[in-house]
Amino acid sequence: MTRLRTAIPGPRSLELSARRKGAVAAGVGSTLPVFIESADDGVLFDVDGNQLIDLGSGIAVTNVGNPAPAVAEAVHAQIDRFSHTCFMITPYEGYLEVCEHLNELTPGDHEKRSVLFNSGAEAVENAVKIARHTTGRQAVVVFDHGYHGRTNLTMALTAKNMPYKHRFGPFAPEVYRVPMSYPFHDGLDGVEAAARAIAAIEKQVGADNVAAVVIEPIQGEGGFIVPAKGFLPSVASWCRANGALFIADEIQTGFCRTGDWFASDHEGVVPDLITTAKGIAGGLPLAAVTGRAEILDAVHTGGLGGTYGGNPVACAAALGAIRTMRDRDLNTAARRIEEIVVPRLRKVAERTDVIGDIRGRGAMLAIEFTERTPDVAAKVAKACHEQGVVVLTCGTYGNVIRLLPPLVIPDEVLAEGLDILEGAIP
Ligand SMILES: *Cc1c(COP(=O)(O)O)cnc(C)c1O
């Protein structure tokens with residue numbers, strides 16, 4: 001391999017890992033303890049002179065490239081003008097420009113408003129606050145395999161115990177979990193799966209108590225689970241009929257990742273509220289809640305906000321990122337990645353019985369292994385890592401390899417990464 005100069009991790013990374021032990025809390029893990037010095041679209045350069053092929057985009061964040069020129073320019077220009085005022089004290093135009101883009105790009109052509117935060121979890125927490133405020137109800141419904149963050153409320157919304165919740169309780173109350181549509185495991189069509197979820201809500205929670213149903217249109221950490229067609233529209237229409245808000249958590253699926261601006265677009269679902277983060281700002285911390293104007297405007301002034309929410313540098317980065325998505329037509333790029341990757345993975349699935357399912361949309365693609373243990377996925381990921389390819393695992397059973405390449409990854413880099421991934425699958 002010409003891209004690698006040393007074993008992975010190399011000596012300098014090992015040195016830094018040893019130093020890290022004395023400085024960084026052990027509770028923070030790293031998939032690949034290789035320290036990065038710089039990046040170029042689809043490639044990470046480490047401190048030992050190795051080049052890693054990036055099929056993870058820092059968990060679906062650097063969709064527009066790393067660094068993306070339009071993001072870097074916007075950040076430089078903004079940081080030279082001012083770094084912070086606090087929008088709640090003295091506002092600035094970048095914040096409202098980001099909100100205007102969000103209002104336009106998110107599903108539905110109704111009147112919308114947005115509010116900006118720092119992280120995905122913070123956006124989800126605020127979406128729930130807003131839903132409770134508007135409906136005067138308390139119960140929040142979430143799904144098996146769901147992931148919504150690591151703060152107290154979002155831990156409660158998240159399904160998986162290890163590593164997210166173990167010994168971190170007690171968790172926020174009035175959160176109810178119902179079955180997700182998981183076609184590979186349950187064999188149900190979307191309408192049947194929705195009926196199962198709705199029956200659980202009506203029996204265990206009571207329709208009149210539900211403030212919101214919070215769902216990832218394609219589940220991320222839970223295993224890149226694409227619900228059967230018809231599931232999302234059925235759940236959304238139940239919400240509408242019962243006065244509950246339908247909140248789409250598009251933090252991982254948003255911003256061209258699935259070949260549309262948002263994954264809800266695939267089935268024409270129009271959420272009442274939508275949460276975004278990750279891909280929104282080319283790597284700078286920014287998150288948002290966008291939704292129906294009458295819902296967001298109903299909250300009392302001062303009820304929403306935060307010191308850093310919608311920081312001007314992060315807003316400038318988002319404007320650069322959104323411009324890049326438009327100029328480079330990254331929805332088409334994501335669909336093209338699907339066209340390249342899926343046939344290759346299907347071919348591998350034909351020669352081996354370790355693969356159970358190939359699924360996903362656009363540049364959010366996954367292999368679920370047959371065994372419901374992390375063994376095979378961990379081995380494949382490790383072999384990729386040793387050969388300089390960054391792949392991530394996920395799934396309730398840890399048996400899924402997920403691919404989230406930057407949408408601007410050059411074809412030959414993607415092909416090289418896939419060669420190594422395919423070679424790593426037994
Ligand atoms: C990553 C993620 C979150 C949490 O975002 P943070 O920025 O890590 O707080 C919430 N929901 C989904 C679907 C995610 O993928």
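Each remark here, short or long, concerns the structure printed above.
For clarity, every value in this text was computed on a predicted model and none was experimentally measured. (Residues numbered from 1 in each chain as written. Predicted model: local features only at pLDDT ≥ 70, side-chain atom pairs only at ≥ 80, totals over all residues. Heavy atoms only, no water.)

## As for the site of the ligand
Around the ligand, a shell composed of Ser-119, Gly-120, Ala-121, Tyr-147, His-148, Gly-149, Glu-216, Asp-249, Ile-251, Gln-252 and Lys-278 is seen. Within the backbone of Tyr-147, an N or O atom sits 3.4 Å from a nitrogen atom of the ligand. One of the side-chain nitrogen or oxygen atoms of Lys-278 is found 2.6 Å away from an oxygen atom of the ligand. Burial of the ligand by the surrounding chains reaches 82%, relative to a free accessible area of 380 Å². Taken together, the residues of the shell around the ligand break down into 3 nonpolar, 5 polar and 3 charged. (Near = heavy atom within 4 Å. Polar contact = N/O pair within 3.5 Å; in protein donor to acceptor, adjacent residues only side chain to side chain. Areas by Shrake-Rupley, 256 points an atom, 1.4 Å probe, with all protein chains shown as cover. Nonpolar A, V, L, I, M, F, W, Y, C, P; charged D, E, K, R; others polar.)

## Here we look at the packing of aromatic side chains
Enumeration according to the criterion identifies 7 aromatic pairs in this entry. Measuring from centroid to centroid gives 5.8 Å for Phe-82 and Tyr-92, while their planes differ by 65°, and the two rings are edge-to-face. Note that Phe-82 is positioned in the loop between helix H3 (69-81) and helix H4 (93-105) and Tyr-92 in the loop between H3 and H4, a separation of 10 residues in sequence. Assessed through its relative accessible area of 9%, Tyr-92 is described here as buried. Relative to Tyr-95, the ring of Phe-87 has its centre 3.7 Å away and its plane inclined at 10°; by these criteria the two rings are stacked. The buried category is assigned to Tyr-95, whose relative accessible area is 9%. Taking NZ or CZ as reference, Arg-372 lies 5.1 Å from the ring centre of Tyr-397, over its face. (Phe/Tyr/Trp six-rings, centres within 6.5 Å; stacked < 30°, edge-to-face > 60°. Helix = DSSP H or I, 4+ residues; strand = E, 2+ residues; numbered from the N terminus. Buried < 20%, exposed > 50% of the residue type's maximum accessible area, 1.4 Å probe, protein only. Lys NZ or Arg CZ within 6 Å of the ring centre and 35° of its normal.)

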